[in-house]
Amino acid sequence: MPLKLLSVSSRLLKCQNPFLHSWERGFGTGAASFSSVNLKGRSFLTLKDFNSDEIKRLLWVSGDLKHRIKHEKQYLPLLQGKSIAMIFEKRSTRTRMSTETGFALLGGHPCFLTSQDIHLGVNESCTDTARVLSGLCDIVLARVYSHSTLEELDKEASVPIINGLSDLYHPIQILADFLTLQEHYGSLSGLTVSWIGDGNNVLHSFMMTAAKLGVHLKIATPEGYGPEKSVIEEAQKLSRQHGTQLVLTSDPMEAARGTNVLVTDTWVSMGQEEEKKKRLKDFHGYQITMQTGSVAQPGWTFLHCLPRKMEEVDDQVFYSSHSLVFPEAENRKWTIMGLMVSLLTDYSPQIPMLKF
């Protein structure tokens, strides 16, 4: 049954619980269709593979767990007796901490494996690794250099595989971003998100998701740094299908004009350090500042998946009231928890469906 919210206390709780803010704007519709969505046993390599209802279901479960565990102080050992193998070819603060602490909080046992512990395709083939881990744990999260590594793991494993980041996509980041925006705005449909920066894996995941949630997407990248052609083609198809706008430009101010949300990311990803000098030159003029925000909608917000460098966004924006970067970082935990619970159990959310 949905949790009852007492109106007498809602004003006091609103500042602590962002979901009350969403609920007070009205509940979502079509709860029956979401209740029929079951993701148990699925892998999560890219949001391209998930439809609108499935993504909304993941966000709903994530919001539910956040409300029940963080705000209601409930103990939910939904993953008791289960274990996760966490393969990290690339280091990370948020992905490791959110997954490790989240899985443990749900009663499960996380096992962290670095390149010192496991050499995918070197000391042991991906095929053998996938089959071995399938017999030792219930789910695998892999943060890898090549997306093909994830595809090979998924092909050979008999347990779900989660993409913790690859060169092509970063889907778990996008779940956190959209949960953060849903909390802040109360709904998602009709928002405009503007990406200003590199055409990288985070952008690719935005492009596979935004239209499915009714979100318009404007993208500004320097010449030669745009998203992959195949991703553009898929995003254009999704935009037509869902009736949203998709704009690609090389002018940051054009992308920012009239937007609700400004987003950027690192200009120099891990493995691109030798290109740093050239990239900094090519991205000149792409730093997000209050001037960028001056052409956006009143009440615009800012997202960044972190870690952040000064050249990407200045302190005036990053530490301002416009910035949602720290709630966004926290939501990495609640969304990975929602994802793992959805892939491993038949759990049904207890709170009213979020409005999208």
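Residues numbered from 1 in each chain as written. Predicted model: local features only at pLDDT ≥ 70, side-chain atom pairs only at ≥ 80, totals over all residues. Heavy atoms only, no water.

As annotated in an unreviewed UniProt entry, the chain carries the name ornithine carbamoyltransferase and is attributed to Kryptolebias marmoratus. Under the UniProt heading Subcellular location (unreviewed entry), the note attached to the chain is "Mitochondrion matrix". (UniProt positions renumbered as here; feature names shortened; annotations may be inferred.)

1. A closer look at the overall build of the chain
Helix and strand counts for the chain come out as 15 helices and nine strands. Counting the 356 residues in the chain, one finds 57% classified as buried. Here the contacts in the chain between residues at least 6 apart in sequence split such that 75% fall between residues at least 24 apart. Of the roughly 15,300 Å² of accessible surface on the chain, 50% is carried by carbon and sulfur atoms. (Helix = DSSP H or I, 4+ residues; strand = E, 2+ residues; numbered from the N terminus. Buried < 20%, exposed > 50% of the residue type's maximum accessible area, 1.4 Å probe, protein only. Contact = heavy atoms within 4.5 Å. Areas by Shrake-Rupley, 256 points an atom, 1.4 Å probe, with all protein chains shown as cover.)

2. Description of the pairing of strand β9 (residues 301-304)
Side-chain positions along a regular strand alternate between the two faces of the sheet. In β9, alternate side chains face the same way, and those of T301 and L303 on one face and F302 and H304 on the other are all buried. Two elements, strand β8 (residues 261-264) and β9, share four bridges in a ladder whose sense is parallel. By the bridge assignment for β9, V263 is matched with L303. (Pairing = 2+ DSSP bridges.)

3. So, the packing of helix α4 (residues 52-71) against helix α15 (residues 325-344)
Running from amino to carboxyl end, α4 crosses α15 at an angle of 115°, the nearest separation of the two axes being 8 Å. With respect to α15, the element α4 is oriented roughly perpendicular. The interaxial crossing formed by α4 with α15 has right-handed handedness. For the pair formed by α4 and α15, the contact residues are L58, V61, S62, L65, K66, I69 and K70 on the first element and E330, N331, W334, T335, M337, G338, L339, V341 and S342 on the second. (Axes fitted to C-alpha atoms, helices over the stretch in contact; angles between N-to-C directions. Parallel < 35°, antiparallel > 145°, perpendicular 65-115°, else oblique. Left-handed = near helix turned anticlockwise from the far one by under 90°.)

4. Observations regarding the pattern of salt bridges
Scanning all chains against the criterion turns up 11 salt bridges. Between E234 and K237 there is a salt bridge, with the nearest N and O atoms lying 3.3 Å from each other. Taken together, the positions of E234 and K237, both in helix α10 (residues 229-242) and three residues apart, correspond to about one turn of that helix. In this structure E234 comes out as buried when scored by relative accessible area, which is 15%. Members of the salt-bridge network, linked through shared partners, are D198, E275 and R279. (Salt bridge = Lys/Arg side-chain N within 4 Å of Asp/Glu carboxyl O.)

5. A word on the environment of H242
With respect to the helices and strands, H242 occurs in helix α10. Using a relative accessible area of 31% as the deciding quantity, one classes H242 as partly exposed. Along the primary structure H242 and V215 are separated by 27 residues, whereas in three dimensions their C-alpha atoms are 9.2 Å apart. Not counting the four nearest positions on each side in its chain, H242 is found in contact with A211 and K212.

6. Topic: the sheet that holds strand β5 (residues 192-196)
The strand order across the open sheet formed by five strands is β7-β6-β5-β8-β9, and the pairing between neighbours is parallel. A strand with exactly one partner marks an edge of an open sheet, and here the two such strands are β7 (246-249) and β9. On average, each strand axis in the sheet is inclined to that of its neighbour by 20°, with strand direction left out of account. Most of the contacts of helix α8 (residues 171-185) go to β9, to which it runs at about 160°, and overall it touches β5, β8 and β9.

7. Comments concerning unusual backbone geometry
Following L306, the chain continues to P307 via a peptide bond in cis, the omega torsion being 0°. Among the secondary structure elements, P307 is positioned in the loop between β9 and α14 (315-318). Of note, K73 is a non-glycine position whose phi angle comes to about 60°, a positive value. For K73, the position within the fold is in the loop between α4 and β1 (83-88). Here L165, not a glycine, exhibits a phi torsion of approximately 150°, which is positive. Here L165 shows up in strand β4 (residues 161-165). Relative accessible area serves as the criterion here: at 8%, L165 is assigned to the buried category.

8. With respect to α10
Taking 1.5 Å as the rise per residue, α10 with 14 residues should run 20 Å; its terminal C-alpha atoms sit 20 Å apart, in good agreement. Those residues of α10 that fall on the buried side of the exposure criterion are V231, I232, E234, A235, L238 and S239. One side of α10 carries all its buried residues, which in axial view fall inside an arc of 165°. α10 presents K229, R240 and Q241 as exposed residues on the side facing more than 90 degrees away from its buried surface. Contact partners of the buried residues in α10: α9 (201-207) and β7. Note on α10: the residue one or two positions beyond its end, G243, has a positive phi of about 70°. (Expected span 1.5 Å × (residues − 1). Arc of directions from axis to C-beta.)

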